[in-house]
Amino acid sequence: MSTTKYIFVTGGVSSSLGKGIIAASLAKLLQARGYRVTIQKLDPYINVDPGTLNPYEHGECYVTDDGAETDLDLGHYERFLNVPTSQANNVTTGRIYQSVIEKERRGEFLGKTVQVVPHITNEIKERVQILGNSGDFDIVITEIGGTVGDIESLPYIESVRQMKWDLGANNSLVIHLTLIPYLSAAGELKTKPTQHSVKTLMESGIQADILVCRTEHELSQELKDKLALFCNVEKGAVIQSIDASTIYDVPNMMREEGLDTITLKKLNLEVGEAPKLEVWNQFLTRHKNPKASVNIGLIGKYVELQDSYKSILEAFIHAGAANEVKVNVEPIHSEHIDASNISEELKNLDAILVAPGFGERGVEGKIEAVRYARENNLPYFGICLGMQMAVIEYARNVLGYADANSSEMSKNTSHPVINLMEEQKHVTNMGGTMRLGSWECKIEPNSIVSTIYANEIINERHRHRYEYNDHYRDELEKAGMRTTGTNPKTGLVEIIELPEHPWFVGVQYHPEYKSTVANPHPLFVGFVKAAHKYSKQTTDK
Ligand code: GLN
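Here's what I pulled together on the structure shown here. (Residues numbered from 1 in each chain as written. Predicted model: local features only at pLDDT ≥ 70, side-chain atom pairs only at ≥ 80, totals over all residues. Heavy atoms only, no water.)

**A few points about the sheet that holds strand β16 (residues 405–406)**
For step 1, the next point in the chain: The mixed open sheet is built from three strands, whose spatial order is β16-β17-β20. Strand pairing shows two members of the sheet lacking a second neighbour, β16 and β20 (466–468), which therefore form its edges.
For step 2, the next point in the chain: Where strand β17 (residues 416–420) meets β20, three bridges bridge the pair, whose relative direction is antiparallel. Bridging from a neighbouring strand, Leu420 pairs with Tyr466 of β20.
For step 3, the next point in the chain: Packed onto the sheet, helix α15 (residues 385–397) meets β16, β17 and β20 and runs at close to 145° relative to β17. (Pairing = 2+ DSSP bridges. Helix = DSSP H or I, 4+ residues; strand = E, 2+ residues; numbered from the N terminus. Contact = heavy atoms within 4.5 Å. Axes fitted to C-alpha atoms, helices over the stretch in contact; angles between N-to-C directions.)

**Let's talk about the sheet that holds strand β5 (residues 90–92)**
For step 1, the next point in the chain: What the seven strands build is an open sheet, ordered β5-β2-β6-β1-β7-β10-β11; its pairing is parallel. Of all strands in the sheet, those bounded by a partner on one side alone are β5 and β11 (238–242). Each strand axis lies, on average, 20° off the axis of its neighbour in the sheet, ignoring direction.
For step 2, the next point in the chain: Bridging between strand β10 (residues 210–215) and β11 involves five bridges; their strand directions are parallel. Residue pairing across strands places Cys213 opposite Gln240, the latter belonging to β11.
For step 3, the next point in the chain: Its contacts with the sheet put helix α3 (residues 73–81) on β2 (37–43), β5 and β6 (139–144), and the angle it makes with β2 is roughly 170°.

**Focus: the state of the cysteines**
For step 1, the next point in the chain: Inspection of the entire model under this criterion finds zero disulfides.
For step 2, the next point in the chain: Its sulfur unpaired, Cys61 is 12 Å from the next cysteine sulfur, which belongs to Cys384.
For step 3, the next point in the chain: Residue classification places Cys61 among the buried residues on the basis of a relative accessible area of 8%. (Disulfide = S-S within 2.5 Å. Buried < 20%, exposed > 50% of the residue type's maximum accessible area, 1.4 Å probe, protein only.)

**Regarding the layout of surface pockets**
Over the atoms, a rolling probe the size of a water molecule traces out where space has been left empty.
For step 1, the next point in the chain: Of the volumes computed, that of the largest pocket is approximately 1,000 Å³.
For step 2, the next point in the chain: Contributions of two or more residues to the lining of the largest pocket are made by α1 (19–32), β2, α2 (55–58), α3, β11 and α12 (310–323).
For step 3, the next point in the chain: Per element, the largest residue contribution to the lining of the largest pocket is four residues, and it comes from α1. (1 Å grid on protein atoms, 1.4 Å probe; cavity = no way out; pocket = protein on both sides within 12 Å on 5 of 7 lines; lining within 4 Å. Points joined across faces, edges and corners; volume = space filled by probe spheres on them.)

**Structural notes on the packing of aromatic side chains**
For step 1, the next point in the chain: Counted according to the given criterion, the structure contains 16 aromatic pairs.
For step 2, the next point in the chain: Centroid distance Phe381 to Phe524: 5.3 Å. Interplanar angle 70°. Geometry classified as edge-to-face. With Phe381 in strand β15 (residues 380–383) and Phe524 in helix α18 (residues 522–540), this residue pair connects regions lying 143 residues apart in the sequence.
For step 3, the next point in the chain: Classification of Phe381 as buried rests on a relative accessible area of 0%.
For step 4, the next point in the chain: Assessed through its relative accessible area of 0%, Phe524 is described here as buried.
For step 5, the next point in the chain: Ring-pair connections join several aromatic residues into one group, and the members of that group are Phe316, Phe381, Trp503, Phe524 and Phe527.
For step 6, the next point in the chain: The aromatic ring of Trp439 is capped on one face by Arg435, whose charged end is 5.2 Å from the ring centroid. (Phe/Tyr/Trp six-rings, centres within 6.5 Å; stacked < 30°, edge-to-face > 60°. Lys NZ or Arg CZ within 6 Å of the ring centre and 35° of its normal.)

This is the structure we're talking about:
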């Protein structure tokens, strides 16, 4: 019998209450008290993974070392805990059904009728216990996506009910995250929606153990006591989660409210000494006391939605703190820029980052932005598609190949400087078939990246189908675009730089996925430093 303890986090009243941040904050506190913790997200949608989803649907698609395309909450888990996650940390209804249906086709159910209960629920329970049974964790926190009462959440809720029963007292608990709305006309905080959502949970046989209440105003003791009484939870188990100015404040706020201690007591685990949060709090001090600020343009086509580039925005926060600089990220829609307005749009910036992306929409604006940065010595950082755009721009405006392009954007270009790898040419299924996950890269000496990375061999995460076309490598290098990182096994180009430029780096991989509070990504740290230097030079003039 495994000794792992399980915590389930459900949501009530409304979506977008920040279950992922609450789960990550609790995990951080438990980790800081010496426990080995991981967090898992169960998503009730039918896509097998979010890899085929447009960022407008659920925000950024996050990628793990083992190449899983996952919900963006896994990014928060890694950024808070500084421990890598894997495919096991994100399960969707699509994946559950796919696996059950494959078992049925193999005849594994021995002639039985395959049903939601027990077959789907058993599959869910197994997926939750995979992490617990690995022996790597003392505590597994499982976040159930969606809101209690949703039709699609029901099999998950039933699985939680069964697991609570299987595990017995003190081995699992349910934290229900809910909203306490404030009615300004009445000048009052309202508990009724929470009472109803706790009741909905009870209809499925689950009594919440702890309530975490999102609120814009302080909850009085009287109101907490009322919630405890009517929702049938212990008095100390009503936790307030008031709006924070940064998500990185939430662990300390949860600590003040006692979320970690009540959790440990209910799980019969030792509370022990105060959590060790020195590194975390040093980061917060630097983040909140910047000595200067820089303006960095984030050029992409999903910029109107904050969540589309979540990991990039968070990596800037980590790198800003490391440099003691406030990074103001200015979102610039790539469809709204062209040669006629580019200098106006970018003139107040200290650096630009061209974002990852797919498809043709907005790419000409990105190429224009690259040209501006290259010609004006403005620090440039291109990630994935942003690196590909830098290669195209150089081929067009320096090599003089006017129609140079990626074969993703133009099948008929006479100069496909970015094109499909041979093994991608026969791919027909779009889901899970890109170059994904962690790949090695060998760094060339005497380059920007060799000073930034301490190692000659690095590992970074990928998510793309198209590649730098090796056929043009000699020409591009002779013309001044240096290759400073390649895959040691395949020779694929991973990093390009312009040695004549103060800071111009394009990477085929996604460094943003690996930036954490404890380990800000060195490329982002170096880029923010270059932006700061640029800003000092321009203000000194
Ligand atoms: N669309 C490009 C490719 O598939 C870039 C992908 C990305 O930016 N993540 O290669």
